[in-house]
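# An overview of the molecular structure
As a plain string of letters, each chain reads:
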Amino acid sequence: MSTLLLIRSSLLQDNSQSNRLADRFVAQWQAANPQGRVVVRDLAAQPLPHLSLAHVGAFGTPAEQRTPEQQALVAASDALIAELQGADVIALGLPLYNFGIPSTLKAYFDQIARAGITFRYTANGPEGLVKGKRVYVFAARGGLYKGQPHDTQTPFVRNFLGFLGMSDVRFVHAEGLAMGDEPRGRALAAAEAEVDALLEPVAA
């Protein structure tokens, strides 16, 4: 049975265009995978704590030496990693906040980036250990950023996921959503059409 992990990161939740695009994809994935399972991680509804010195200390302490407080911090991170490792497909709703990702998503990234667990350093450099996943990122922006030097969000997300071993990453961008009704309508229609084509079978 295939599993899809939906990660929602917009503060606007159901009113978010990034979440709506992600939800549109999930509905199509469910139709194509009626026996599949969807796991939802809503970072706005259930925000995670930001990385702290206590987290770093807990992650770096051998399991048998951890205090109860450290065990709790590690267990919370372990649960997020198990959720990620258990997914075959990941759908990420990604709004743009002040040229970057939401702080809640950064907190999530910091919780799942664990040396020796989701990545490791080798003689040939770092190796991601979260492999065999396909990731779809649904990015919504008020202005026009795609392909521009000030779009630091797209390469950051792609680089972070790749560092953990997830190199099969596909982006759908909906841009210009704050530039008037007509540009917004065109952008959303184009993004929805792109979402609709993601799961279409490739002709032989």
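Everything below is about the structure printed above this text.
Counting restarts for each chain: residues are numbered from 1 in the order of the written sequence. With the structure being a predicted model, the display of local features is reserved for residues of pLDDT at least 70 and the display and counting of side-chain atom pairs for 80 or more, all residues being used for whole-chain, interface and lining totals. Computation of side-chain values covers all heavy atoms of the structure but excludes hydrogens and water.

## A look at the nonpolar core
Only buried residues count toward a nonpolar core, which is a set of Ala, Val, Leu, Ile, Met, Phe, Trp, Tyr and Cys residues joined through side-chain atoms within 4.5 Å. Each residue gets one of three labels from its accessible area relative to the maximum for its type: buried under 20%, exposed over 50%, partly exposed in between, using a 1.4 Å probe on protein chains only. Membership of the largest hydrophobic core comes to 29 residues, with the highest contact counts inside it found for Leu105, Tyr108 and Ile112. Helix and strand assignments come from DSSP, with helices taken as H or I runs of at least 4 residues and strands as E runs of at least 2, each series counted from the N terminus. Those elements that place two or more of their residues in this core are strand S1 (3-8), helix H3 (68-85), strand S3 (89-95), helix H4 (103-112), strand S6 (134-140), helix H5 (153-163) and strand S7 (168-174). In terms of residue count, the dominant contributor to this core is H4 (four residues). Whether two residues touch is decided by their heavy atoms; if any such pair falls within 4.5 Å, the residues are in contact. Filtering out sequence-adjacent residues up to four positions away, Ile112 remains in contact with Leu80, Ile81, Leu84, Thr118, Phe160 and Leu164. Judged by nonpolar contacts, the second largest core, of 20 residues, contains Phe25, Val26, Ala140 and Ala191.

## Observations regarding H5
What H5 keeps buried is the set Gln153, Thr154, Val157, Phe160 and Leu161. For H5, the angular spread of the buried residues around the axis is 140 degrees, confining them to a single face. Tucked inside the fold, the buried residues of H5 contact S3, H4, S6 and S7. Of all possible arcs, the one meant is that of the directions from the helix axis to the C-beta atoms.

## Some points on empty space enclosed by the protein
Definitions used throughout: a 1 Å grid over protein atoms alone; a cavity as a set of points that fits a 1.4 Å probe which cannot get out; a pocket as an open set with protein on both sides within 12 Å along at least five of seven lines; a lining residue as one with an atom within 4 Å of a point. Grid points are joined across faces, edges and corners, and a volume is the space filled by probe spheres set on the points. Inspection of the entire model under this criterion finds one cavity of 30 Å³ or more. In this structure, the largest cavity occupies an estimated 70 Å³ of space. Residue lining of the largest cavity: Ile7, Leu84, Ile90, Leu92, Tyr108, Phe109, Ile112, Val135, Leu161 and Met166, and that is the complete set. Only S3 and H4 provide two or more residues apiece to the lining of the largest cavity.

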